[in-house]
Amino acid sequence: MLFSHVKLATMTGVQPYGLIADGAVLVEDGRIAWAGPRQDAPREKTGKAVDCGGRLLTPGLIDCHTHLVYGGNRANEFEMRLNGAAYADIAKAGGGILSTVRATREAAEDELVQSASVRLESLLREGVTTIEIKSGYGLDVETEMKMLKVARKLGETHFVDVVTSYLGAHTFPAEYRDDHAAYVDLVCAKALPAIAEAKLADAVDAFCEGIAFSVAETEKVFAAAKKLGLPIKLHAEQLSNLGGAKLAARYDALSVDHIEYLDEDGVEAIARSRTVAVLLPGAFYYLKEKQHPPVAALRKHKVPIAIATDLNPGSSPVHSLLTTMNMACVLFGLTPEEALRGVTANAALALGLKDRGRIAPGLKADLVLWNAERPGDLAYPLGLNPCAAVIRDGAIVRGQIG
Ligand code: DI6
Ligand code: FE
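Residues numbered from 1 in each chain as written. Chains lettered and ligands numbered in written order. Predicted model: local features only at pLDDT ≥ 70, side-chain atom pairs only at ≥ 80, totals over all residues. Heavy atoms only, no water.

*Asks:* For this particular structure, what's the right way to read the overall build of the chain?
*Replies:* Of the regular secondary structure elements, the chain holds 14 helices and 16 strands. Computed over C-alpha atoms, the radius of gyration of the chain comes to 21 Å, within 12% of the 21 Å expected from 2.2 N^0.38 for 402 residues, which places it in the range of a compact globule. If you line up the chain on its principal axes, its C-alpha atoms span 70 × 45 × 45 Å. Relative to its full complement of 402 residues, the chain shows a buried share of 59%. Taking contacts inside the chain between residues at least 6 apart in sequence as the whole, the part at least 24 apart equals 70%. The positive charge centre, built from 43 side chains, and the negative charge centre, built from 49, are 3 Å apart in the chain. (Helix = DSSP H or I, 4+ residues; strand = E, 2+ residues; numbered from the N terminus. Rg over C-alpha atoms; globule rule 2.2 N^0.38 Å. Buried < 20%, exposed > 50% of the residue type's maximum accessible area, 1.4 Å probe, protein only. Contact = heavy atoms within 4.5 Å. Lys, Arg positive; Asp, Glu negative; His and termini not counted. Charge placed at Lys NZ, Arg CZ, Asp CG, Glu CD.)

Written out as structure tokens, the structure is:
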């Protein structure tokens, strides 16, 4: 199949967006066989050409950081915060992450599939073709495995590739409130090996923060992950600068996420590894944070920047990657080009996926056709969904082209 007469944002090369004004993409066996200017399209294939009417074609979008699977709902806490309660006080009173832990432990696997499917559908409508989903609302071995199974199941029942991360080190469960060392031990010696054995996690994540895991505790989790051959990621420098990102860089992390409080020293550390900086403007917005991530330093040191929804019931109930792109531009000063790169090429890097995120020969044919003329149109509006069609592994799985 030749997708012809498209404005191509290939996200390759040095041109902004890797733009090809009048392009075509040849897809064979689910892969991109050729992409380039329309007049150079391989002649023998043009018989099966689909005219896309000059519209924009981009790589499938990748949401590289979500907590999509969880039980219950925290709308009550949103309301409490707007009535003056602080996020930390709600957490101390047994709310916050721990209230979602209770609800997730109680929920049956099918219920979790059901509620997560609705949220997933919101993302897919806007052209998401790959999503990362974390555990971290079970904390005990059984519920963490249940969450990861639900995540895997979503990948089997929807037109999306699901990548999973085990986030046992999200917070300390109530039953280990007074024995943090024992919980870290459970994560490293019991949960991680069981999850690795069942092949339920593609990576291991942790929340390194004053209110969560210390740098020393985080390092124990990383060491255990490394022993099992699993790559790592880290929620780092969200509310303070503990040096978590530096530790993550030493372990050659796939990504460090949030990083509002990261300083230039920390940026230099991650610039020396393959680590991607993942910005999460949804959490910044909902928590009304003031500290901006070090975008200028990231650019200066050429650290790849990705952006993601951080979809979760507490700090980022954001179900739109397009909205997140807009927030990254308006709140963090990213350019629309950086925003699109952040949900395509760089989001793929943040997940360690080399086969997607750009339009180039040999890569997976995950593509989105937009009712838009320019790639800059994607980050510009709020609440408009210009997605016309989604192509996954070379097949149209949503919308239509004609
Ligand atoms: N950082 C966050 O912003 C979320 N998790 C994390 O490690 C918060 C999750 C929640 O409030 O449920
Ligand atoms: Fe998160």
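On we go.
*Asks:* Mind showing me how you'd approach the site of ligand 1 here?
*Replies:* Taken together, 13 residues surround ligand 1, and among them R74, Y87, Y137, H170 and S315 come closest. The separation between an oxygen atom of ligand 1 and a polar side-chain atom of S315 is 2.7 Å. About the coverage of ligand 1: the protein hides 99% of its 320 Å² of free accessible area. A breakdown of the residues in the shell around ligand 1 according to their chemical character gives four nonpolar, seven polar and two charged. (Near = heavy atom within 4 Å. Polar contact = N/O pair within 3.5 Å; in protein donor to acceptor, adjacent residues only side chain to side chain. Areas by Shrake-Rupley, 256 points an atom, 1.4 Å probe, with all protein chains shown as cover. Nonpolar A, V, L, I, M, F, W, Y, C, P; charged D, E, K, R; others polar.)

*Asks:* Got a minute to help me understand the coordination of the iron ion (ligand 2) in this structure?
*Replies:* Between any two of four tetrahedral donors, the ideal angle at the metal is 109.5 degrees; between two of six octahedral donors, it is 90 or 180 degrees. In this structure, H65 (NE2), H67 (NE2), H235 (NE2) and D310 (OD) serve as the protein donors to the iron ion (ligand 2), at separations of 2.1 to 2.3 Å. Taken together, the four donor atoms coordinating the iron ion (ligand 2) and their angles of 82 to 165 degrees define a geometry best described as irregular. Along the chain, the residues that donate to the iron ion (ligand 2) are spaced as H-x1-H-x167-H-x74-D. Of the two residues, H235 is situated in strand 10 (residues 233-236) and D310 in the loop between strand 13 (305-307) and helix 12 (321-332); the sequence distance between them amounts to 75 residues. The exposure classification of H235 matches that of D310, with both residues buried. (Donors = N, O, S within 2.8 Å, 3.2 Å for Na, K, Ca; no water. Tetrahedral: all angles 85-135°; square planar, octahedral: opposite > 155°, others 65-115°.)

*Asks:* So what exactly am I meant to see when it comes to helix 12 here?
*Replies:* One turn of an α-helix holds 3.6 residues; hence residues three or four places apart share an orientation. With twelve residues, helix 12 extends 15 Å between its outermost C-alpha atoms, agreeing within 8% with the 16 Å of an ideal straight helix rising 1.5 Å per residue. Counting buried positions along helix 12 yields ten of twelve residues, so the element is predominantly enclosed. Where helix 12 begins, the side chain of S320 points an oxygen toward the backbone nitrogen of L322, at a separation of 3.5 Å. Looking one or two places after helix 12, you find G333, whose phi comes out positive at around 75 degrees. (Expected span 1.5 Å × (residues − 1).)

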